[in-house]
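Chain and residue survey
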Amino acid sequence: MTPVSYFPHKNNEMYVDDIAISDIAKQVKTPFYCYSSTAIEASYQEYKNAFSAQDALVCFAVKANSNQAVLATLAKLGSGADVVSMGEIRRAITAGIPANKIVYSGVAKSQEEIHYALTLGILQFNVESEPELELISKVATSLNKTAAIAFRINPDVCAQTHAKISTGKAENKFGVPISKARIAYKQAAALPGIKVQGVDVHIGSQLTNLAPFAEAYQRIAELVTELRADGHDIRVVDVGGGLGITYLDEVIPSKQTYADLVKTQLGHLNCKIILEPGRSLLGNAGILVSSVAFVKNGEERQFLMLDAGMNDLIRPSMYDAYHQIIAVNKGTKVLKTYDVVGPVCETGDTFAKARQVHASDAGDLIAIMSSGAYGAVMSSSYNTRLLAPEVMVKGSEFSIVRKRPSYEDIIKQDIIPSWL
Ligand code: LLP
């Protein structure tokens, strides 16, 4: 799926399914996120088909997009969820994802969160450290329950991606070092309230090359063999997420190629495979629609000043991420070079520098592509700007799936102390 697959131009006008983006913008003030339900379904089906020959469960990484409509769409298709907090567990359950399809990752789970997950009866805890394991055992014992666990293993593999989204090197905070794994599993087997069932790994995000996956999974397969020899009944391998998407022109291995790799590296173990894709399911199923507020002629460059800012989509500011920026209505316009910026009072509030966009005037609609994952979920109301609403389209229908809050909604959350 390319950034424009589900947001094509027809007669120079951008569409999503059977609706012109400009028709949605007539009813929903910009900026807003727009998701194609058709794209989400197609992307999920690609995973299902690719893994049809394996005993695999897709657990969507809720952190990528936690909107209820998105989760409910995936729930209906049979998806599980990979969650990292009490909030995400609640979102998944509320949207109809059953507890027995929820895996709980999360780097420092609290006692309260563990308690909640245990009472629901989730599929698996992906345990990040020995102290966390002890806490899970304590809480499980107090509830007279058993927690099914996998350790998240840090295989010390370079994911060849952006440093801020790389998680599988020894220097990263994540998981139990592979060199210490056998000791950790021995400890787990001896603890009450714990059932050892699997091994988990996640080495990073936006991987465009399969070699790091191959290396990590090979190490995990060796570990599973060792753990079995040590007497552990390992039946599950959680291979994490991380498969990248095309933002510009990256060539991403297909989901089938990825599935074949999983089979090659892990198939002989006869384990159930859990997948935790986030970006590769949602990234190219959504865009951020914005309007040009002003075109400003600077001394050296022209600025396209949008009504969306870094508070709406932080990826360019935070990871220097590239997102295509496309005029919704190309008309007969020619390409011009702009710095595309937002209205937030920071220089970092820049979506792109020296970017070619069809010549635009104030009021024109602009789409920031590939914003379905890590877009709305990472937005904030910095500068007391209102969170952008989210819209979902299906065929010729669209619905607002998260409303824009009012200024009153935001301000009333603060409390002026009585003594002030
Ligand atoms: N599983 C675990 C344990 C994770 O930490 C993540 C992502 C995933 C699965 C899903 O990975 P995906 O399939 O989406 O690559 N905000 C950053 C991405 C952070 C990813 C964090 N972990 C960005 O905008 O690029």
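First, a word on what this report is: a plain description of the structure on this page. (Residues numbered from 1 in each chain as written. Predicted model: local features only at pLDDT ≥ 70, side-chain atom pairs only at ≥ 80, totals over all residues. Heavy atoms only, no water.)

**Looking at the pairing of strand 8 (residues 124-127)**
- By the alternation rule, side chains of strand 8 split into Q124 and N126 and F125 and V127, which are all buried.
- Taken together, the two bridges between strand 7 (residues 102-104) and strand 8 define a ladder with parallel strand orientation. Counted as the bridge partner of V103 is Q124 from strand 8.
- Handedness of the crossover joining strand 7 and strand 8 through helix 5 (residues 111-120): right-handed.
- Both strand 8 and strand 9 (residues 147-154) contribute to a ladder of three bridges, which runs parallel. Residue pairing for strand 9: N126 is matched across the bridge by A150. (Buried < 20%, exposed > 50% of the residue type's maximum accessible area, 1.4 Å probe, protein only. Helix = DSSP H or I, 4+ residues; strand = E, 2+ residues; numbered from the N terminus. Pairing = 2+ DSSP bridges. Right-handed = clockwise from strand over helix to strand, strands pointing away.)

**Brief notes about the packing of helix 5 against helix 6 (residues 130-143)**
- Where helix 5 contacts helix 6, the axes come no closer than 10 Å and their chain directions differ by 50°. Regarding the angle of helix 5 to helix 6, the classification is oblique. Between helix 5 and helix 6 lies a crossing of right-handed hand. Contacts from Q111, I114, H115, L118 and T119 of helix 5 reach helix 6 at L135, I136, K138, V139, A140 and L143.
- Its residues placed into classes, the contact of helix 5 with helix 6 shows seven nonpolar, three polar and one charged. (Axes fitted to C-alpha atoms, helices over the stretch in contact; angles between N-to-C directions. Parallel < 35°, antiparallel > 145°, perpendicular 65-115°, else oblique. Left-handed = near helix turned anticlockwise from the far one by under 90°. Contact = heavy atoms within 4.5 Å. Nonpolar A, V, L, I, M, F, W, Y, C, P; charged D, E, K, R; others polar.)

**Observations concerning the packing of aromatic side chains**
- Applying the stated criterion across every chain yields a total of eight aromatic pairs.
- Centre to centre, the rings of F51 and Y258 are 6.0 Å apart; their planes meet at 70°, and the pair counts as edge-to-face. Placement of F51 in the loop between helix 2 (37-50) and strand 5 (56-61) and of Y258 in helix 9 (residues 255-266) is noted, with a sequence separation of 207 residues between them. Each member of the pair, F51 as well as Y258, carries the same accessibility label: buried.
- An aromatic cluster is built from Y47, F51, F213, Y217 and Y258, whose rings are joined through pairwise contacts. (Phe/Tyr/Trp six-rings, centres within 6.5 Å; stacked < 30°, edge-to-face > 60°.)

**Side note on the environment of I368**
- On the secondary structure map, I368 appears in strand 19 (residues 365-368).
- As a C-alpha pair, I368 and Y322 span 46 residues in sequence and 9.9 Å in three-dimensional space.

**Regarding unusual backbone geometry**
- With omega at -5°, the peptide bond leading from T30 into P31 counts as cis.
- Relative to the helices and strands, P31 is located in the loop between helix 1 (21-27) and strand 4 (32-36).
- With a phi angle near 65°, N12 is a residue other than glycine that sits in the positive phi range.
- The topology assignment puts N12 in the loop between strand 1 (9-10) and strand 2 (13-16).
- The phi dihedral of N144 falls on the positive side, at around 60°, and the residue is not glycine.
- Looking at the secondary structure, you find N144 in the loop between helix 6 and strand 9.
- Taking the relative accessible area as the measure of exposure, N144 reaches 73% and is therefore exposed.

**A few points about the pattern of salt bridges**
- Taken as a whole and judged by the stated rule, the model has 16 salt bridges.
- Linking D364 and K333 is a salt bridge whose minimum nitrogen-to-oxygen distance equals 3.1 Å. Here D364 is found in the loop between strand 18 (350-358) and strand 19, whereas its partner K333 is found in the loop between strand 16 (325-327) and strand 17 (335-341), with 31 residues between them in sequence.
- Residue classification places K333 among the partly exposed residues on the basis of a relative accessible area of 27%.
- Overlapping salt bridges, with partners in common, bring together R182, E226 and D230 in one network. (Salt bridge = Lys/Arg side-chain N within 4 Å of Asp/Glu carboxyl O.)

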